[in-house]
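# Fold and contact review
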Amino acid sequence: MTTPIRFGGLASGIDTDTIIKQLMQAERAPVDKLEQKKQTTEWKRDAYREINRSLMTLRNSAVDLMFSRNFYAKTSSSSDESKISVTAGPSSGNSAVRIDSVTQLASSATTILDAVDRNGQKLTSTTKLSDMNGFVAGQKRVIQETAGTELMIPKDLDFPTVVLKDAAGNVLDSTDFAYDAATGKVTATNTTNYPGGVIPKDVSASFASGTGFEIQYKSSTTGTYQKIELGADATVQDLMSQLNGKETGLSAFFESSTGKISLSTKETGATSTIQFDTNFKSAFSMGKVVPTGQNAKFKVNGIEVERASNTTTIDNMTLTLKSTFASGAVTLSAATDTQKIFDNIKGFVDKYNETIDLMNKKTREERFRSFAPLTQAQRDELSEDEIKKWEEKAMSGMLRGDTILRGTMDTLRSKWSGATSASNDKEMKQLFQIGLSTGSDFTNGGKIELNEEKLKAAIEKDPEQVYKLFTDESTGLLPQIRDTAKDSRETITRIAGADGAGAPTYSMGREMTQMDTRIKRLNDLLIDKENAYYRRFAAMETAMNQANSQAASLQQFLGGGM
């Protein structure tokens with residue numbers, strides 16, 4: 001709303017603006033009190049929300065600490081990292097194993113492909129598959145995965161054009177087989193060559209289809225033959241990209257200076273294999289030998305052991321074999337990481353004490369009732385530094401003696417003394433026995449006193465019992481702290497709302513909305529009141545102006561008759 005420009009006191013000489021301003025100050029008193037009350041409510045809401053944020057951090061800290069890894073942290077060591085490295089897991093015992101020797105490292109199935117194009121030239125990355133012997137465009141095939149009495153191929157094929165080959169790539173006599181065009185079933189009819197009508201494993205049937213290339217491969221990752229389809233203009237580089245696909249289980253490398261391709265399985269061990277269809281084997285002269293990997297072989301505490309990978313688990317320790325050796329045994333050991341577990345617990349205790357400190361401060365903070373929130377008129381008369389100092393006093397003690405906070409502190413304190421374990425060890429049944437207690441000073445709000453020596457001794461003695469004291473869902477400390485923090489946050493949220501919550505969703509917000517409505521109504525009344533004052537003074541000015549005019553006229557009349 002635009003404030004009108006007024007010129008008062010022209011006739012009377014009275015400073016009407018100052019008089020009306022002083023009158024309105026008295027009229028504004030109810031609005032000022034209401035705005036001060038709203039400001040106090042906002043400060044109290046913000047103080048509650050600060051507590052809620054701290055409780056959320058405490059709850060999250062309790063949840064994070066509940067993971068077993070925090071209580072079963074282990075250290076590990078190897079007497080010779082160049083031969084074997086080791087990592088201890090949470091379930092590792094405080095034990096040691098001896099690796100007497102490593103006679104063989106695990107390896108993947110690997111083969112080197114050496115081929116030339118139709119002109120006898122070494123391959124380049126741009127060599128087209130159509131320029132290589134063995135690759136036939138527009139041909140697809142079905143491979144018999146396991147020996148059986150039938151081989152399924154597409155329906156309605158011209159069977160005499162279907163080429164059948166054995167695992168070695170030799171063409172088979174199609175008259176030894178029958179084809180059912182309605183079902184696509186191929187069966188062996190020559191039981192002399194195929195006793196019992198059994199079609200051997202890896203027999204393939206090739207038939208015309210499309211214009212591109214199809215390659216079938218099988219690795220230890222896929223388990224069955226998979227297809228790679230390439231366009232009619234596909235190159236060696238295109239083939240490499242397909243073979244290196246994440247689903248193939250293969251790693252392919254093309255060495256441009258020699259024109260050779262290295263193929264290996266991503267898995268290691270004696271069961272890792274690489275197999276291709278007969279056309280691929282023919283193009284790259286793979287022969288009949290199926291490349292296979294090998295297992296790692298080593299001796300543990302005198303016992304011969306084989307594993308498919310060089311990274312394996314022994315006695316819950318993960319070890320990685322790096323080199324072979326026949327002598328110079330390597331000792332691997334694991335032990336409880338007492339310092340790590342202690343630090344994890346101390347981190348939670350520190351966060352708990354921070355939350356208690358904050359609540360204790362808020363409930364004991366002095367309330368300066370003579371320092372009410374400043375009105376706008378008061379702010380205009382003070383410097384920024386004076387305003388800051390005043391508001392520090394005015395904001396103090398918003399939650400002094402608050403029953404919600406006091407109740408939360410009492411409940412949290414009781415959880416530390418109430419947490420128990422079903423341990424048979426009478427010296428590890430409660431938290432105070434392992435060095436964690438609320439102490440005797442009740443003025444600190446129940447902060448936890450940590451005895452480092454006792455806690456470390458308990459961790460070294462029995463980390464499992466320490467874990468149960470903290471995490472048992474019924475009697476452990478952390479679930480109770482988690483639930484208490486959650487319940488208190490919900491209570492505070494109903495009153496003060498969450499950060500960014502809309503005013504209608506919490507009680508203090510609804511209260512402040514009502515105050516805003518009343519403030520607006522009172523401000524509207526003040527505007528009307530101020531306008532009324534100006535109208536009265538304007539009327540006075542008009543009357544005085546008329547009186548002055550009459551006096552001037554009379555004086556002129558009287559003076560004119562002399």
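Higher on the page you've got the structure.
Residues numbered from 1 in each chain as written. Predicted model: local features only at pLDDT ≥ 70, side-chain atom pairs only at ≥ 80, totals over all residues. Heavy atoms only, no water.

### Things to note about the side chain of glutamate 214
For the record, the criterion: Strands here are runs of E lasting at least two residues and helices are runs of H or I lasting at least four, both read from the DSSP assignment and numbered beginning at the N terminus. Polar contact is defined as a pair of N or O atoms within 3.5 Å, subject to the rule that within protein one atom must be able to donate a hydrogen and the other to accept it, and that residues adjacent in sequence are counted only when both atoms are side-chain atoms. Contacts were defined at the residue level, with two residues in contact if any of their heavy atoms lie within 4.5 Å.
By the element assignment, glutamate 214 lies in strand S11 (residues 213-219). A polar atom in the side chain of glutamate 214 sits 3.3 Å from the side chain of glutamine 216. Not counting chain neighbours up to four residues away, the residues in contact with glutamate 214 comprise Gln139, Lys140, Arg141, Lys227, Ile228, Glu229 and Asp277.

### Side note on the sheet that holds strand S19 (residues 317-321)
How we decide: A strand pair is defined by DSSP finding two or more bridges across the two strands. Lines fitted to the C-alpha atoms define the axes, with helices restricted to the stretch that makes contact. Angles between their N-to-C directions range from 0 to 180 degrees.
The strand order across the open sheet formed by 3 strands is S2-S19-S18, and the pairing between neighbours is antiparallel. Edge positions in the open sheet fall to strand S2 (84-88) and strand S18 (311-314), since each of these has one partner strand only. Mean inter-strand twist for the sheet, computed between neighbouring axes without regard to direction, equals 30°. Note: S2 against S19, 5 bridges, orientation antiparallel. Directly across from alanine 88, in S19, lies its bridge partner methionine 317.

### Let's talk about the pairing of strand S16 (residues 296-300)
To keep it simple, the criterion reads: For every residue, the accessible area (1.4 Å probe, protein chains only) is compared with the maximum for its type, and the residue is labelled buried under 20%, exposed over 50%, or partly exposed between those bounds.
Alternating residues of S16 divide into Ala296, Phe298 and Val300, all buried, and Lys297 and Lys299, none buried. The sheet contact formed by strand S3 (residues 96-104) and S16 spans 4 bridges and is antiparallel. Bridged to glutamine 104 within S16 is lysine 297. Judged from the 5 bridges that link them, S16 and strand S17 (residues 303-307) form a sheet pairing that is antiparallel. Across the sheet, lysine 299 pairs through a bridge with glutamate 304, a residue of S17. Hairpin connection, S16 to S17: the antiparallel pair is bridged by 2 residues, and asparagine 301 has positive phi, about 50°.

### Side note on the packing of helix H5 (residues 338-364) against helix H8 (residues 403-418)
Note the following rule: Orientation labels follow simple angle bins: below 35 degrees gives roughly parallel, above 145 gives roughly antiparallel, 65 to 115 gives roughly perpendicular, and whatever is left gives oblique. Less than a right angle of anticlockwise turn of the near helix away from the far helix marks a crossing as left-handed, whereas a clockwise turn marks it as right-handed. Under the convention adopted here, Pro, Cys and the residues Ala, Val, Leu, Ile, Met, Phe, Trp and Tyr are nonpolar, Asp, Glu, Lys and Arg are charged, and Gly plus all remaining residues are polar.
Following both chains from N to C, one finds H5 and H8 inclined at 150°, their axes separated by 10 Å at the closest point. Taken together, the axis directions place H5 and H8 in an arrangement best described as roughly antiparallel. The handedness of the crossing between H5 and H8 comes out as left-handed. Taken together, the residues of H8 that come into contact with H5 (itself represented by Phe348, Val349, Tyr352, Ile356, Met359, Asn360, Lys362 and Thr363) are Leu405, Arg406, Thr408, Met409, Leu412, Arg413 and Trp416. For the contact of H5 with H8, the class distribution of residues is 9 nonpolar, 3 polar and 3 charged.

### Brief notes about the sheet that holds strand S6 (residues 151-152)
Read from one edge to the other, the open sheet built from 3 strands follows the order S6-S9-S8, with strand pairing classed as antiparallel. Edge positions in the sheet fall to S6 and strand S8 (177-180), since each has one partner strand and no second. Pairing of S8 with strand S9 (residues 185-188), which is carried by 4 bridges, proceeds in the antiparallel orientation. Paired with alanine 178 across the strands is threonine 187, a residue of S9.

### Overview of the packing of aromatic side chains
Definition in use: Whether two aromatic rings pair depends on their centres lying within 6.5 Å, for rings of Phe, Tyr and Trp, where Trp uses its six-membered ring; planes under 30 degrees apart make the pair stacked, over 60 edge-to-face, and the rest tilted. Should the NZ of a Lys or the CZ of an Arg lie within 6 Å of a ring centre and within 35 degrees of the ring normal, that charge is described as sitting over the ring.
Within this structure, the stated rule accounts for 15 aromatic pairs. With centroids separated by 6.2 Å and ring planes inclined at 25°, the aromatic side chains of phenylalanine 348 and tryptophan 416 adopt a geometry described as stacked. Highlighted residues: phenylalanine 348 in helix H5 and tryptophan 416 in helix H8, separated in sequence by 68 residues. Exposure remark for phenylalanine 348: the relative accessible area of 1% places this residue in the buried category. An aromatic cluster of three or more residues is present, and its members are Phe135, Phe213, Tyr217, Phe276, Phe280 and Phe284. Lying across the ring of phenylalanine 67, arginine 69 places its NZ or CZ 4.6 Å from the centre.

### Quick look at the nonpolar core
Spelled out, the test is: Nonpolar cores were defined as sets of buried Ala, Val, Leu, Ile, Met, Phe, Trp, Tyr and Cys residues, with membership established by side-chain atoms within 4.5 Å.
Counting 49 residues, the largest nonpolar core has Ile345, Trp416, Ile434 and Phe470 as its most contacted members. In terms of residue count, H5 provides more of this core than any other element does, 9 residues in total. If we skip the residues at most four places from it in the chain, tryptophan 416 touches Phe348, Val349, Tyr352, Leu431, Leu436, Thr438, Ile448, Leu477 and Ile481. Among the nonpolar cores identified, the runner-up in size contains 28 residues, and Ala109, Met240, Ala252 and Phe284 belong to it.

### Points about the pattern of salt bridges
Quick reminder of the rule: Every case where a carboxyl oxygen of Asp or Glu lies within 4 Å of a side-chain nitrogen of Lys or Arg is listed as a salt bridge.
Tallied over the entire structure, the rule returns 27 salt bridges. A salt bridge links arginine 141 to aspartate 277; the nearest nitrogen and oxygen atoms lie 3.4 Å apart. Taken together, the positions of arginine 141 in strand S5 (residues 139-143) and aspartate 277 in the loop between strand S15 (274-276) and helix H4 (278-283) put the pair 136 residues apart, joining distant regions of the chain. Exposure remark for arginine 141: the relative accessible area of 1% places this residue in the buried category. Where glutamate 473 meets arginine 482, a salt bridge forms, and the shortest distance between an N and an O atom there is 2.8 Å. Its relative accessible area of 16% is what places arginine 482 among the buried residues.

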